[in-house]
Each structure stands twice: as structure tokens, then as C-alpha cells.
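Below, each chain spelled out in residue letters.
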Amino acid sequence: MRAISRLFSISYSKPPSCSYTSLASTSSSSIPADSSSLLNDFANFCHNRDLPRAMQALEAMERHKLWADAITYSELIKCCLARGAVREGKRVHKHIFSNEYDPKTFLINSMLNMYVKFNLLEEAQILFEEMPERNVVSWTTMISAYSSSKLTEKALNLLKLMLRNGVMPNMFTYSSVLRACERLSDLKQLHSSITKVGLESDVFVRSALIDIYSKLGELQEAFNVFNEMLTGDSVVWNSIIGAFAQHSDGDEALYLYKSMRRAGFPSDQSTLTSALRACTSLSMLELGRQVHVHVLKFEQDLILNNALLDMYSKCGSLEDAKSIFNRMAGKDVISWSTMIAGLAQNGFSKEALNLFESMKTLGPKPNHITLVGVLFACSHAGLVNEGLYYFRSMKNLYGIDPGREHYGCILDLLGRAGRLDDAVKLINEMKCEPDVVTWRTLLDACSVHRNVDLAKFAAKEILKLDPQDTGAYVLLSNIYANSKRWDDVAKVRRSMRARGVRKEPGCSWIEVNKYIHAFISRDKSHPQIHEINRQLNQLISRLISAGYVPDTNFVLQDLEEEQGEASLKYHSEKLAIVFGIMNYPREKTIRIGKNLRICGDCHLFAKLAAKLEQRHIVIRDPIRYHHFQDGFCSCA
DNA sequence: GTAGGGTTAG
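Residues numbered from 1 in each chain as written. Chains lettered and ligands numbered in written order. Predicted model: local features only at pLDDT ≥ 70, side-chain atom pairs only at ≥ 80, totals over all residues. Heavy atoms only, no water.

1. What to know about empty space enclosed by the protein
Okay, so step 1: One pass over the structure, following the stated rule, counts two cavities of 30 Å³ or more.
Okay, so step 2: Of the voids in this model, the largest cavity is the one considered here, and its volume is about 60 Å³.
Okay, so step 3: Lining the largest cavity we find Ser283, Leu285, Glu286, Glu511, Tyr584, Lys588, Thr589 and Arg591.
Okay, so step 4: Class assignment of the residues belonging to the lining of the largest cavity gives a composition of two nonpolar, two polar and four charged.
Okay, so step 5: Volume-wise, the second largest cavity comes out at about 30 Å³.
Okay, so step 6: Contributing to the lining of the second largest cavity are Ser283, Lys314, Cys315, Arg591, Ile592, Val618 and Arg620.
Okay, so step 7: Those elements that provide at least two residues to the lining of the second largest cavity are strand E3 (590-594) and strand E4 (617-620).
Okay, so step 8: Class assignment of the residues belonging to the lining of the second largest cavity gives a composition of three nonpolar, one polar and three charged. (1 Å grid on protein atoms, 1.4 Å probe; cavity = no way out; pocket = protein on both sides within 12 Å on 5 of 7 lines; lining within 4 Å. Points joined across faces, edges and corners; volume = space filled by probe spheres on them. Nonpolar A, V, L, I, M, F, W, Y, C, P; charged D, E, K, R; others polar. Helix = DSSP H or I, 4+ residues; strand = E, 2+ residues; numbered from the N terminus.)

In C-alpha cells:
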């Protein structure tokens, strides 16, 4: 290296002793020493990725009218790319396009690729249009650039143009353009072209197909592509596992995760992230802990750690979540937001707000999702003034415009405080259109504060937007039942039948010995159902002697009081609680997941059962967590 | 010289 640099500094400061033409016309043995060593040095600098010296040599070469070979130039371009050296890259472009050099297509493709990677799409586009000759790589590079910039139409049009120019797309082209699909019709068309030319067996194309079908909500079609797999690799597995995990089919995702391991494919960061997400959606803490063991290999992976953090907080194990959070070296806005939301959802509102305060000084800039967690903490703890303060200062302090989610939290906050008029006023002031969730929040508040007229209004708004919304019918019917307006209850039920809406059955589940045991109200399919019912009856009798009065306001149907109690008695969460008591030692927390919001009677039942049985019970409904202990619940 | 999979909200 030292010899080269000495040569370099001595010879190139002198005027040229030969020209490019003389070089070209003489045999290599007769090239004057300083010219050939200049080219040699240049090649060495490029191969050793010594950018500053390579650029110096490049200047000297231009003065001497010397040109290197295409391979060396492409090395130099790679070097610019690796260092993010945009200015140098453009300089190389100018050098190569000088009048006395005729760059080959593959070298221009390298330049094209460099501009794309630097996200200089305009430069790339100009270069692409000026190229004397475009091959499959040139077209694919541009299509890929448009795809990753979400310029869907441009990507698809360029593919059409490519075909019209008689250039055959290859697997690179298809796997690039697939990402740009936003319409199912485009995807179907591409898929059939891919099959026609026999490229569906390429693993890149296959994973791209799975991914895009899943993103467009066609999970079954994604699964079909996976199932036709004769050729597969771990990314194809990860694509399908991720698809199920993201569509909240944790069961299928975990089944595939196990099959993947059985098939001998090692799991990596992506696999484990999806596996954790699946555990999260199923509230499978114990399995999540087992996945955690495999995560240790990838301790530095931020996304994986974020997923772990989320798993522990959503599975109700805040101690584990906190310890992960504290141990994480690089925390991004997602880590902070996840931890804040986790604390808030589990009822630790003050801690969530404290963490937000430290984020302001120690962490990254909060985003709109962080603020959802903060406002949720306020609404959860009934901190009306704090909530309104954060809500009003969002724009000024963080430049975030409040969205539906933020309005939703504030609606919930006002609703819980019984300020229904203010809640309605807020809906009228919203900058965005209220959606089903907005109106349901109001409906919930009406249900708590027994405002039948406003409830009717909110339910109507929901059904205008979604005539099939089961929740609205059920809530409205419950509110009527609360006021013993049985005629109205019957009217709601008739209307449900007329529109073919069925109440989604309540389902609760609990993990025992690595298996999920799911219960549906009145379902008799569990092998131990008789024993569970027997123990449930015993527990209810003990609770009644301790003062429990079943709250029949939560019975959907117009039933005689006694029948009503019977229907309440077999609510799925009660079955799951009893099953947990039967199978868990006293010191172990009983954790239950559930698809619908917990009803008031089951909430009371869980509080009293936790006290009487001296158990810690955690129930996670679709929105928040209820930690029952000593006759109290964290949800206040 | 061109291509693929993962994390936060109601």
C-alpha cells in the first residue's frame, strides 16, 4: 500500500507523458510507467474501497485522458454506494459519460442502481431515458425503484412498456413489481403471467406473491400459493407465518411456526417476531416465554425486542415488559410507545404518564401513536384535565394533528366522567369524519350513564355506517334491558333477525400446559365441561353467601329472572376462570383472553372470585386489561 | 448490474 501511494504522489503531479490514444495503440509492454501505474493504482484504490484516493486518481486520469475498464468503474460505483457518497457518484457519472469513453450497458445499469439506492429518482429516470440500450436489468431497476417508492402506476406502466419493447421480465422484475400491487385485479393478472412463464417456483416470486395477497386481505389465496410450494426457503415460510400473525390468526401462525421447525428451516428474527405476535394475539404467555429463549440469540434486534416488549405487556406481565424495556440498548419511538400503552392498558396510568415525561427528555420524539397511549392513560385513570391538556397541546408541542384515535380517547374520557354533552360537542368539532369506533365510544358512555335517547342516536349512526354491526345491536338492547324496556329489546332483536345479524358468541380462552382451552357460553364440547360446571355452581353458591348478586341487566334476552341468571352463569369467562382455578396452583396468575368486552356481571364475579379464592386473575378483553386481586380491578 | 419476510393504537 505504501509503495502504491508513493508512486501515486510522485508520478501524477507531473504533466502527462503519453495520451490515451498512444496507450490504446501500443502494446501493454510499452505503456509508459506512470500511465500504467496510474491505472493500476486506480484499480487498487477501487478494489480496496479507498474512495478519496480513487477520486484523486480519477481526476488525474482525466487530465491524462486515460480510461479504466468497466469492472473497475463498477467497483468504484459500489464504493460510492457503500459510503453514501452522492457527490462522488455524480462525478463518476460525468467521467464515464465523457465523449471519449463509451460505457457498456451494464455499467450504466450500475449508475442507475446507484441513483435508485440514493433515492434520486429523477436522476435515475433521466439516465434511464438517455440510455442507448436498455436490457432486462435496466427495466427491472427502474420498476423496482417505482415499486419501493409506492409509485404503483409508474411501476405497472413501465412493465407494460417493457413488454411492448420486447424485453422479457424475469423473476427479479416480477418480485419487484408485485410489491406495487394495490388492486386485486392487477395482482391476478400478474399472477397468471407468472404462472404462464413458469416463474412461480422462484422463491423470491413466491414470497412476494404470498406477501401481497396477504396485504390485500386475500389470506386464503396467500395460503394456496404457499401450499403449492415445491421449492421453498425460510423467507417463504416467514412470509406465510407473518401473514397469519398479522391477520390475528395466531393459531395458524403458531402451527406453521412449528411445522417450519419440523421441516428443518431455522427460525430467524422475522420468524420469531411473527411467532411472538401470534402469542400476543392469543395471550399465550407461557409459549411466549419459550419463544423468548430463542430470541436471546438475536439480542440486539430492535424489532424483535419491541415485539417481545409488546408480548409481555399484552399478556399482562408488566414485570417482564419493564425489565426488557430497561435492558434494551437502543429504544426507538415504537419501544417507548409500546411501553407507555402497555402500562396504560394494564391500569398503571400514572406510571405511563411518568414514562412519557421521561421520554420527552431522554427518548425520541413522540409520534401520533405515542399520544394515543398517553391519552388512553388519562382516560383510564379519569384524569380529565390532564387528558384535555395533552390533547390540546398535541399540535403545538409535537406538531401532531389529532386523529380519530385521539378523539376517541377524549370521548372516552368525557364519557366516563359523565360529560355526555361535551362528548357530543367534541364529535361535532372533529376535523375528521366520525367512524364506527367513534360512535361506539359514545354508545359505551351512554350505556354506563344510562342515557337511553343518546344511546339510540349513537346506535343509529353506527348502523348507518355498518348495518351488520353486532356490537351496536347488543349494546342498545342491553341499554333497553337495563331500563326494563322489553318491547324495545324485542324490536332490536327483530331488526337483527331481519338484517341477518347474529350476535358473535362470546369466547374466552386460557392457556393450560401449552394448550389453549377455549370456552363459548353454553358450549358443551370441552371434555371436562361437567366438572367445570359443577365447580362453577359451587363457586357461585359460595360467592352468593359472601354477598354476590348476579346482575341480570347484562342478559340480552327478555327472560324470566331465573332463566336470566342461568344464561349469565355460563358466560365464557366464568367457565375459563373456573377452569383456571382447577388447573393452576394458587400462586400462579390466571390469565384469560376474550373476544368481546367483559360484561358487568362477569366483572363483578371475577372481582369477588379473586378475593374469595385468593387468586390473581387477569382478563384481557379487546381493549384493555383487568387485573383482579383482593376484590379490586385495575380498570377502576 | 436488478428481487423477498418482522414491531407500536381504538
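2. Re the protein's contact with DNA strand B
Okay, so step 1: Surveying the vicinity of DNA strand B reveals 50 residues, the closest of which are Asn109, Asn135, Asn238, Asp268 and Asn306.
Okay, so step 2: For DNA strand B, the backbone makes up 47% of the atoms found within 4 Å of the protein, where backbone means sugar plus phosphate.
Okay, so step 3: Between DNA strand B and threonine 273, the relevant distance is 3.0 Å, taken from a base nitrogen to a side-chain nitrogen or oxygen of the residue.
Okay, so step 4: Between aspartate 301 and DNA strand B, the recorded distance is 2.8 Å, taken from a side-chain N or O atom to a base nitrogen.
Okay, so step 5: Here the residues of the surface near DNA strand B sort into 15 nonpolar, 22 polar and 13 charged. (Near = heavy atom within 4 Å. Polar contact = N/O pair within 3.5 Å; in protein donor to acceptor, adjacent residues only side chain to side chain.)

3. Digging into the packing of helix H4 (residues 51-63) against helix H6 (residues 86-96)
Okay, so step 1: One way to put it is that H4 packs onto H6 with a least axis distance of 11 Å and a crossing angle of 25°. One finds that H4 runs roughly parallel with respect to H6. Pair H4 / H6 crosses with left-handed handedness. Counted together, Leu51, Met55, Leu58, Glu59, Met61 and Glu62 of H4 and Glu88, Arg91, Val92 and His95 of H6 form the full contact between these two elements.
Okay, so step 2: Looking at the contact of H4 with H6 residue by residue, the class counts come to five nonpolar, one polar and four charged. (Axes fitted to C-alpha atoms, helices over the stretch in contact; angles between N-to-C directions. Parallel < 35°, antiparallel > 145°, perpendicular 65-115°, else oblique. Left-handed = near helix turned anticlockwise from the far one by under 90°. Contact = heavy atoms within 4.5 Å.)

4. Remarks on unusual backbone geometry
Okay, so step 1: One non-glycine residue, lysine 65, adopts positive backbone phi at about 50°.
Okay, so step 2: When you line up the elements, lysine 65 lands in the loop between H4 and helix H5 (70-83).
Okay, so step 3: For aspartate 630, which is not glycine, the phi dihedral falls at a positive 55°.
Okay, so step 4: Position of aspartate 630 relative to the elements: it lies in the loop between strand E5 (625-629) and strand E6 (632-633).
Okay, so step 5: By relative accessible area, which is 56% here, aspartate 630 ends up exposed. (Buried < 20%, exposed > 50% of the residue type's maximum accessible area, 1.4 Å probe, protein only.)

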